[in-house]
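Here are the chains, one letter per residue:
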Amino acid sequence: EAGVAQSPRYKIIEKRQSVAFWCNPISGHATLYWYQQILGQGPKLLIQFQNNGVVDDSQLPKDRFSAERLKGVDSTLKIQPAKLEDSAVYLCASSLVTGLSYEQYFGPGTRLTVT
Amino acid sequence: AQSVTQLDSHVSVSEGTPVLLRCNYSSSYSPSLFWYVQHPNKGLQLLLKYTSAATLVKGINGFEAEFKKSETSFHLTKPSAHMSDAAEYFCVVSDPPGNQFYFGTGTSLTVIP
């Protein structure tokens, strides 16, 4: 079974520039998550989708971050404009919610450096 | 409110000795609890999960954890550490189960040859 795919793996941009990350979840997984992991910290949920609807985006900085999941499969996360404090690893995860089986499967992440 | 506290930010053990990584949680419900491992430059991998079944949970690579409701703990153990166990470990609570995951701040495990 193919895992969660993310691209790019690394990105370096200057502050005030924009950037987009892409995620392809495991086939059949209805739920998709984007996390931000700052160095030395645990992942923090940014947004959760159920199919193509948003379930929770309470911690998404909506003035600069946006995310979409068209057709309930792939998803993109965008930052515009980027700030220095956005430097982090952005993780995508997906889960198949059925009964008690809802653990999240994570992609390798995209490491963003804002200079 | 839900939260997870990993009591040690760094743990060092010698190869072949037991591993104990401590985790305490707070929850308004009957939570589901997970341990994930993150090797350098790799994605997070599920080690084990507790979902209201048996309180002693066995995971991959010889790890296990015991859910103790009275102590609100979910400590991760392994009888004998291997060099390949060196990684970052995260305790996670899902509360209510299936909803948002709350991650601890992580414990970095070093295994000394």
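In what follows, the structure referred to is the one given above.
Source: prediction; values computed, not measured. Within any chain, residue numbers begin from 1 and follow the written order of that chain's sequence. In the order they appear in the text, chains get letters beginning with A and ligands get numbers beginning with 1. Only residues with pLDDT of 70 or above have their local features reported here, since the model is predicted, and side-chain atom pairs are shown and tallied only from 80 upward, although totals for entire chains, interfaces and linings are computed over all residues. Each side-chain value is derived from all of the structure's non-hydrogen atoms; neither hydrogens nor water enter the calculation.

> Mind showing me how you'd approach the environment of B:F67 here?
Residue and element names in this part refer to chain B. By the secondary structure assignment, F67 is in strand β8 (residues 64-68). Separated by 14 residues in the primary sequence, F67 and A53 have C-alpha atoms spaced 9.9 Å apart. Whether two residues touch is decided by their heavy atoms; if any such pair falls within 4.5 Å, the residues are in contact. Ignoring anything within four residues of it in the chain, the contact list for F67 reads Y25, L33, Y50, T55, S73 and F74. Only runs of H or I of at least four residues qualify as helices and only runs of E of at least two qualify as strands under DSSP, and these elements are numbered from the N terminus.

> Before we go on, may I ask you to explain the interface of chain B and chain A in this structure?
How big an interface is tends to be stated in terms of accessible area lost as the parts join. At the junction of the two partners, chain B supplies 19 residues and chain A supplies 23 residues. What counts as buried area is the accessible surface, traced by a 1.4 Å probe, that two parts surrender upon association, with contributions from both included. Across the chain B/chain A interface, buried area totals approximately 1600 Å², and carbon plus sulfur atoms make up 51% of it. The term salt bridge refers to a side-chain nitrogen of Lys or Arg lying within 4 Å of a carboxyl oxygen of Asp or Glu. Between chain B and chain A we count 1 salt bridge in total. Residue B:K49 is joined to A:E103 by a salt bridge in which the shortest nitrogen-to-oxygen separation is 2.6 Å. Counting of polar contacts relies on pairs of N or O atoms within 3.5 Å, with two restrictions inside protein: one atom must be capable of donating a hydrogen and the other of accepting it, and residues adjacent in sequence are counted only when both atoms are side-chain atoms. At the boundary of chain B and chain A, one finds 3 residue pairs in polar contact (both at pLDDT 80 or more). Every element with two or more residues in the side of chain B that touches chain A is listed here: β5 (32-38), β6 (44-50), β10 (87-94) and β11 (101-103) of chain B. Element by element, the count of residues in the side of chain B that touches chain A is highest for β5(B), at 4 residues. Across the side of chain B that touches chain A, the residue classes tally to 8 nonpolar, 10 polar and 1 charged. Put simply, Ala, Val, Leu, Ile, Met, Phe, Trp, Tyr, Cys and Pro go in the nonpolar bin, Asp, Glu, Lys and Arg in the charged bin, and everything else, Gly too, in the polar bin.

> Is there a simple way to explain the pattern of salt bridges in this structure?
Should the charged atoms of two oppositely charged side chains come close, the side chains can pair. All names here are of chain B. Using the criterion set out here, one finds 6 salt bridges over all chains in the structure. Its salt-bridge partner being K58, residue E64 comes within 2.8 Å of it at the nearest N-O pair. A relative accessible area of 23% means that E64 is categorised as partly exposed. Only protein chains enter the accessibility calculation, which uses a 1.4 Å probe; a residue whose area is less than 20% of its type maximum is buried, one above 50% is exposed, and one in between is partly exposed. In this structure K58 comes out as exposed when scored by relative accessible area, which is 63%.

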